[in-house]
Amino acid sequence: MLKLFKTILKAGTPVAKYPFAPYEVNHDFRGKPEYNADQCIACAACTKACPANALIMETDLASGTRRWEISMARCIFCGRCEEVCPTRAITLSPTFELAVTNKADLYEEASFPLAACGECGDYFAPERLVSLVQDTLKQSATPLPEHDRLQLCPACKRRRSMLAQENLFISRDLQPADQGENA
Ligand code: SF4
Ligand code: SF4
(Lines give C-alpha, C1' and ligand atoms only; values in the text may rest on other atoms or scores of the structure.)
(Ligands and ions follow the chains in the order given, each with its own letter.)
Protein backbone atom coordinates (compact mmCIF):
# COMPACT_ATOMS: atom_id res chain seq x y z
CA MET A 1 0.00 0.00 0.00
CA LEU A 2 2.83 2.33 0.97
CA LYS A 3 4.49 1.57 -2.31
CA LEU A 4 1.27 2.55 -4.13
CA PHE A 5 1.04 5.91 -2.32
CA LYS A 6 4.70 6.56 -3.12
CA THR A 7 4.02 5.87 -6.80
CA ILE A 8 1.00 8.20 -6.75
CA LEU A 9 2.99 10.97 -5.09
CA LYS A 10 5.77 10.50 -7.60
CA ALA A 11 3.34 10.69 -10.52
CA GLY A 12 2.02 14.06 -9.30
CA THR A 13 -1.27 15.68 -10.35
CA PRO A 14 -2.90 13.98 -13.32
CA VAL A 15 -3.24 16.07 -16.46
CA ALA A 16 -7.01 15.65 -16.54
CA LYS A 17 -9.12 15.53 -13.42
CA TYR A 18 -12.04 13.99 -15.28
CA PRO A 19 -14.51 12.73 -14.08
CA PHE A 20 -14.14 15.03 -11.05
CA ALA A 21 -13.92 18.07 -13.33
CA PRO A 22 -15.25 18.66 -16.88
CA TYR A 23 -12.98 17.31 -19.60
CA GLU A 24 -11.96 19.92 -22.16
CA VAL A 25 -11.98 18.52 -25.68
CA ASN A 26 -10.33 19.96 -28.79
CA HIS A 27 -12.28 22.55 -30.75
CA ASP A 28 -12.66 20.10 -33.66
CA PHE A 29 -13.70 17.16 -31.50
CA ARG A 30 -16.50 15.10 -33.09
CA GLY A 31 -19.03 14.25 -30.41
CA LYS A 32 -22.78 13.73 -30.26
CA PRO A 33 -24.64 15.09 -33.30
CA GLU A 34 -26.98 17.90 -32.21
CA TYR A 35 -30.11 18.26 -34.30
CA ASN A 36 -32.22 21.40 -34.67
CA ALA A 37 -35.56 20.43 -36.22
CA ASP A 38 -36.52 24.10 -36.69
CA GLN A 39 -33.65 24.51 -39.15
CA CYS A 40 -34.15 21.21 -40.95
CA ILE A 41 -35.72 21.31 -44.43
CA ALA A 42 -36.10 17.51 -44.63
CA CYS A 43 -33.91 17.33 -47.76
CA ALA A 44 -32.55 13.87 -46.79
CA ALA A 45 -28.94 14.75 -47.70
CA CYS A 46 -27.67 13.63 -44.29
CA THR A 47 -29.48 10.30 -44.44
CA LYS A 48 -27.87 9.53 -47.81
CA ALA A 49 -24.40 10.52 -46.56
CA CYS A 50 -24.51 8.64 -43.24
CA PRO A 51 -22.29 5.54 -43.62
CA ALA A 52 -23.60 3.84 -40.48
CA ASN A 53 -27.33 4.04 -41.19
CA ALA A 54 -27.71 6.04 -38.00
CA LEU A 55 -29.95 8.46 -39.88
CA ILE A 56 -33.12 7.38 -41.64
CA MET A 57 -35.85 9.25 -43.45
CA GLU A 58 -39.21 7.75 -44.37
CA THR A 59 -41.66 9.40 -46.76
CA ASP A 60 -45.35 8.58 -46.47
CA LEU A 61 -47.03 9.81 -49.65
CA ALA A 62 -50.47 8.75 -48.42
CA SER A 63 -50.45 10.99 -45.33
CA GLY A 64 -48.12 13.60 -46.85
CA THR A 65 -45.41 13.44 -44.18
CA ARG A 66 -41.70 12.75 -44.02
CA ARG A 67 -40.12 11.39 -40.84
CA TRP A 68 -36.48 11.94 -39.86
CA GLU A 69 -34.78 9.85 -37.18
CA ILE A 70 -31.33 9.48 -35.66
CA SER A 71 -30.10 6.52 -33.62
CA MET A 72 -27.21 7.53 -31.40
CA ALA A 73 -26.43 3.84 -30.85
CA ARG A 74 -25.39 3.48 -34.49
CA CYS A 75 -23.55 6.79 -34.88
CA ILE A 76 -19.79 6.56 -35.48
CA PHE A 77 -19.25 10.35 -35.20
CA CYS A 78 -17.78 10.67 -38.68
CA GLY A 79 -19.29 14.11 -39.28
CA ARG A 80 -20.60 13.40 -42.79
CA CYS A 81 -24.09 14.62 -41.83
CA GLU A 82 -22.69 17.98 -40.71
CA GLU A 83 -20.66 18.31 -43.92
CA VAL A 84 -23.61 17.80 -46.26
CA CYS A 85 -26.38 19.59 -44.34
CA PRO A 86 -27.25 22.77 -46.30
CA THR A 87 -28.83 24.54 -43.31
CA ARG A 88 -26.56 23.47 -40.43
CA ALA A 89 -29.53 21.73 -38.83
CA ILE A 90 -27.19 18.97 -37.65
CA THR A 91 -23.76 19.64 -36.17
CA LEU A 92 -21.34 17.59 -34.11
CA SER A 93 -21.05 18.83 -30.53
CA PRO A 94 -18.30 18.38 -27.88
CA THR A 95 -20.59 16.05 -25.89
CA PHE A 96 -19.09 12.57 -25.49
CA GLU A 97 -20.97 11.20 -22.46
CA LEU A 98 -23.75 9.28 -24.15
CA ALA A 99 -24.71 6.61 -21.62
CA VAL A 100 -28.47 6.38 -21.05
CA THR A 101 -30.61 4.25 -18.78
CA ASN A 102 -33.49 4.11 -21.26
CA LYS A 103 -32.79 2.84 -24.78
CA ALA A 104 -35.47 5.16 -26.18
CA ASP A 105 -33.30 8.13 -25.19
CA LEU A 106 -30.82 7.12 -27.92
CA TYR A 107 -33.37 8.07 -30.59
CA GLU A 108 -34.53 11.46 -31.77
CA GLU A 109 -37.09 12.12 -34.49
CA ALA A 110 -38.98 14.85 -36.28
CA SER A 111 -41.84 14.94 -38.78
CA PHE A 112 -42.35 17.29 -41.72
CA PRO A 113 -45.37 17.97 -43.97
CA LEU A 114 -45.01 17.45 -47.72
CA ALA A 115 -46.20 19.97 -50.29
CA ALA A 116 -49.06 18.87 -52.56
CA CYS A 117 -48.75 19.42 -56.31
CA GLY A 118 -50.79 22.44 -57.44
CA GLU A 119 -52.09 20.51 -60.44
CA CYS A 120 -52.61 16.81 -59.57
CA GLY A 121 -52.59 17.12 -55.76
CA ASP A 122 -49.95 14.42 -55.21
CA TYR A 123 -47.44 15.01 -52.43
CA PHE A 124 -43.98 15.47 -53.91
CA ALA A 125 -41.47 17.36 -51.70
CA PRO A 126 -41.14 18.74 -48.16
CA GLU A 127 -42.96 22.08 -47.77
CA ARG A 128 -39.89 23.64 -46.17
CA LEU A 129 -37.67 22.63 -49.08
CA VAL A 130 -40.08 24.13 -51.62
CA SER A 131 -40.30 27.36 -49.56
CA LEU A 132 -36.50 27.58 -49.33
CA VAL A 133 -36.11 27.23 -53.10
CA GLN A 134 -38.82 29.85 -53.63
CA ASP A 135 -37.19 32.31 -51.20
CA THR A 136 -33.73 31.72 -52.67
CA LEU A 137 -34.99 32.39 -56.20
CA LYS A 138 -36.80 35.52 -55.04
CA GLN A 139 -33.62 36.89 -53.47
CA SER A 140 -31.38 36.05 -56.42
CA ALA A 141 -30.89 38.41 -59.32
CA THR A 142 -31.54 35.67 -61.87
CA PRO A 143 -34.87 35.72 -63.72
CA LEU A 144 -37.47 33.55 -62.05
CA PRO A 145 -39.09 30.64 -63.78
CA GLU A 146 -42.85 30.68 -63.63
CA HIS A 147 -43.50 30.85 -59.93
CA ASP A 148 -46.27 28.32 -59.75
CA ARG A 149 -44.03 25.71 -61.43
CA LEU A 150 -42.27 25.34 -58.09
CA GLN A 151 -45.55 24.09 -56.69
CA LEU A 152 -45.81 21.29 -59.26
CA CYS A 153 -44.67 17.68 -58.92
CA PRO A 154 -42.03 16.47 -61.45
CA ALA A 155 -44.63 14.66 -63.59
CA CYS A 156 -46.85 17.76 -63.92
CA LYS A 157 -43.80 19.95 -64.60
CA ARG A 158 -42.80 17.64 -67.44
CA ARG A 159 -46.33 17.61 -68.81
CA ARG A 160 -46.53 21.42 -68.73
CA SER A 161 -43.11 21.82 -70.38
CA MET A 162 -44.02 19.46 -73.19
CA LEU A 163 -47.39 21.14 -73.76
CA ALA A 164 -45.62 24.51 -73.97
CA GLN A 165 -43.40 23.37 -76.85
CA GLU A 166 -44.45 24.59 -80.29
CA ASN A 167 -45.00 22.14 -83.16
CA LEU A 168 -45.47 19.27 -80.75
CA PHE A 169 -47.97 16.60 -81.65
CA ILE A 170 -50.17 16.43 -78.59
CA SER A 171 -51.24 12.89 -77.98
CA ARG A 172 -53.86 11.80 -75.48
CA ASP A 173 -51.06 11.23 -72.90
CA LEU A 174 -49.76 14.76 -73.18
CA GLN A 175 -53.07 16.57 -72.82
CA PRO A 176 -53.53 18.72 -69.70
CA ALA A 177 -54.71 16.64 -66.72
CA ASP A 178 -58.30 18.01 -66.74
CA GLN A 179 -58.78 17.45 -70.50
CA GLY A 180 -57.19 14.01 -70.34
CA GLU A 181 -59.57 12.87 -67.63
CA ASN A 182 -62.66 14.06 -69.54
CA ALA A 183 -61.56 12.51 -72.82
S1 SF4 B 1 -21.85 11.55 -37.48
FE2 SF4 B 1 -21.67 10.06 -39.18
S3 SF4 B 1 -22.54 8.17 -38.37
FE4 SF4 B 1 -23.20 9.82 -36.99
S5 SF4 B 1 -25.19 10.44 -37.77
FE6 SF4 B 1 -23.67 11.79 -38.73
S7 SF4 B 1 -23.17 10.79 -40.68
FE8 SF4 B 1 -24.19 9.26 -39.40
S1 SF4 C 1 -29.22 17.42 -44.35
FE2 SF4 C 1 -29.82 18.91 -42.78
S3 SF4 C 1 -31.66 19.88 -43.63
FE4 SF4 C 1 -31.34 17.98 -44.79
S5 SF4 C 1 -32.56 16.42 -43.69
FE6 SF4 C 1 -30.49 16.33 -42.83
S7 SF4 C 1 -30.56 17.68 -41.04
FE8 SF4 C 1 -32.34 18.17 -42.29
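Residues numbered from 1 in each chain as written. Chains lettered and ligands numbered in written order. Predicted model: local features only at pLDDT ≥ 70, side-chain atom pairs only at ≥ 80, totals over all residues. Heavy atoms only, no water.

Draft legend 1. Summary view of the pattern of salt bridges. All told, the structure shown has five salt bridges when counted by the stated rule. A salt bridge links E58 to R67; its shortest N-O distance comes to 3.1 Å. Judged by its relative accessible area of 42%, E58 falls in the partly exposed class. Where E83 meets R80, a salt bridge forms, and the shortest distance between an N and an O atom there is 2.7 Å. Pair noted here: E83 and R80 are both in helix α3 (residues 80–84), with a separation of three residues, about one helical turn. Overall, the relative accessible area of 35% leaves R80 in the partly exposed class. Each of the salt bridges in this network shares a partner with another, and the network as a whole consists of E58, R67, E69 and E109. (Salt bridge = Lys/Arg side-chain N within 4 Å of Asp/Glu carboxyl O. Buried < 20%, exposed > 50% of the residue type's maximum accessible area, 1.4 Å probe, protein only. Helix = DSSP H or I, 4+ residues; strand = E, 2+ residues; numbered from the N terminus.)

Draft legend 2. Fine view of the sheet that holds strand β5 (residues 107–116). Overall, antiparallel pairing links the four strands, which are arranged β2-β3-β5-β6 in an open sheet. Edge strands, defined here as strands with exactly one partner in the open sheet, are β2 (55–60) and β6 (123–126). The average undirected angle you get between the axes of adjacent strands in this sheet is 30°. In this sheet, β6 lies alongside β5 in antiparallel orientation, the contact comprising three bridges. Along β6, the bridge assignment pairs L114 with P126. Along the sheet face, helix α4 (residues 127–139) touches β5 and β6 and points at about 70° away from the line of β6. (Pairing = 2+ DSSP bridges. Axes fitted to C-alpha atoms, helices over the stretch in contact; angles between N-to-C directions. Contact = heavy atoms within 4.5 Å.)

Draft legend 3. The arrangement of the packing of aromatic side chains in detail. Within this structure, the stated rule accounts for five aromatic pairs. With a centroid separation of 6.0 Å and an interplanar angle of 70°, the aromatic rings of Y18 and Y23 are classed as edge-to-face. An angle of 10° between the planes, with centres 3.6 Å apart, marks the rings of Y35 and W68 as stacked. Taken together, the residues Y35 in strand β1 (residues 33–35) and W68 in strand β3 (residues 65–71) connect sequence positions 33 residues apart. On the basis of relative accessible area, W68 is assigned to the buried category, the value being 1%. Here a set of aromatic residues connected by ring pairs shows up, and it is made of Y18, Y23, F29 and F96. (Phe/Tyr/Trp six-rings, centres within 6.5 Å; stacked < 30°, edge-to-face > 60°.)

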